[in-house]
Amino acid sequence: MNDNAQQIVRMQQLNKHFGSLHVLKNIDMHITPGEVVVVIGASGSGKSTLIRCINGLEEFQSGSLEVDGNELLPNGKSGQALQTIRTEVGMVFQQFNLFPHLSVIDNVTLAPMKVRGWNRSDALEAAKRLLDRVGIADQADKYPSQLSGGQQQRVALARALAMEPRLMLFDEPTSALDPEMIGEVLDAMRELAKEGMTMVIVTHEMGFAREVADRVVFIHQGEITEEGPPEQLFDKPRHERTQSFLARVL
Ligand code: ADP
Ligand code: MG
């Protein structure tokens, strides 16, 4: 099998600094289409920075990174590849980041119309289908502030999917939610995983990680300490650091 040609993310020896802080250290991460990768680790270990590098929200200083065949260059020298990657990679944040002054449906149609050049009726039709898919078709004309956190996060998911992304990144998508709303967001993500979406998910929901992940990556102080299938990483962690992290969160 020619792995290299197939990988949607090829990250090799990536290093990222914030000033004197060395946040990501020689990270190698390869992701195959359809794979669901869950990233875990303590607060401040570099999880957000890692996934933000994948869609060019953060610059890196050395190493190589290709996303769906588009090469991102160190120190912000990526040029056109950056625009391409941002249209192909969807992201869902902890804080839903919806446009507060736009209705739900307008939140979802905006990017496909502006960036992809879809006409309004095509964008509307696709948006309605997506809202239905995440279970909030009846909220289309409301504004974000009128929705619960769980509903807002599902709008954010629909909005990202409206761009027909090749890859979806999630940064603690349920961390800002009241406990009773976590399930509805995880359900929508679970469906997406089943449909074969390639996903990189930062989460503290270990039960969910065990269930949906093809691979779990444990990061400690900017380094990948250990990675493997969930059964191995959760039940038979090899590294002492992984063991002590899991002992704290499980
Ligand atoms: P995690 O998501 O695992 O909690 P982050 O990737 O957010 O970790 O942060 C990793 C480290 O980088 C932390 O020490 C954090 O304080 C630092 N950091 C993150 N963003 C910035 C920034 N914009 N400027 C300076 N330091 C940052
Ligand atoms: Mg984070």
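Predicted model only: the values in this text are computed from it and were never measured.

Our focus in this paragraph is the site of ligand 1. The local shell around ligand 1 consists of Phe18, Leu21, Val23, Ala42, Ser43, Gly44, Ser45, Gly46, Lys47, Ser48 and Thr49. Take glycine 44: an N or O atom from its main chain is 2.7 Å from an oxygen atom of ligand 1. A distance of 3.2 Å separates an oxygen atom of ligand 1 from a polar atom in the backbone of serine 45. Starting from 560 Å² of accessible surface for ligand 1 in isolation, the protein chains cover 59%. For the shell around ligand 1, the elements supplying multiple residues, two or more each, are β2 (21-31) and α2 (47-54). Examining the composition of the shell around ligand 1, we find that 3 residues originate from one element, α2, more than from any other.

UniProt annotation of "domain: ABC transporter" (unreviewed entry) refers to residues 9-246 when read in the numbering used here. This span, residues 9-246, is 38% helix and 25% strand, and a straight line between its end C-alpha atoms measures 27 Å.

Turning our attention to the side chain of glutamine 232. Position of glutamine 232 among the secondary structure elements: in helix α9 (residues 230-235). Ignoring anything within four residues of it in the chain, the contact list for glutamine 232 reads Glu226, Glu227, Pro237 and Arg238.

Further remarks concern the packing of aromatic side chains. Applying the stated criterion across every chain yields a total of 1 aromatic pair. Their ring planes at 35° and their centres at 5.1 Å tell us that phenylalanine 218 and phenylalanine 245 sit as a pair that is tilted. Here phenylalanine 218, found in strand β9 (residues 215-220), pairs with phenylalanine 245, found in helix α10 (residues 240-249); they are 27 residues apart in sequence, far enough to count as distant. A residue is classified by how much of its surface remains accessible, and phenylalanine 245, at 4% relative accessible area, is buried. In this structure, lysine 16 is placed above the aromatic ring of phenylalanine 18, and the distance from its NZ or CZ to the ring centre is 4.3 Å. Directly above the aromatic system of phenylalanine 99 lies the positively charged group of arginine 159, at a separation of 4.9 Å from the ring centroid.

Conventions and cut-offs
- Residues numbered from 1 in each chain as written.
- Chains lettered and ligands numbered in written order.
- Predicted model: local features only at pLDDT ≥ 70, side-chain atom pairs only at ≥ 80, totals over all residues.
- Heavy atoms only, no water.
- Near = heavy atom within 4 Å.
- Polar contact = N/O pair within 3.5 Å; in protein donor to acceptor, adjacent residues only side chain to side chain.
- Areas by Shrake-Rupley, 256 points an atom, 1.4 Å probe, with all protein chains shown as cover.
- Helix = DSSP H or I, 4+ residues; strand = E, 2+ residues; numbered from the N terminus.
- UniProt positions renumbered as here; feature names shortened; annotations may be inferred.
- Contact = heavy atoms within 4.5 Å.
- Phe/Tyr/Trp six-rings, centres within 6.5 Å; stacked < 30°, edge-to-face > 60°.
- Buried < 20%, exposed > 50% of the residue type's maximum accessible area, 1.4 Å probe, protein only.
- Lys NZ or Arg CZ within 6 Å of the ring centre and 35° of its normal.

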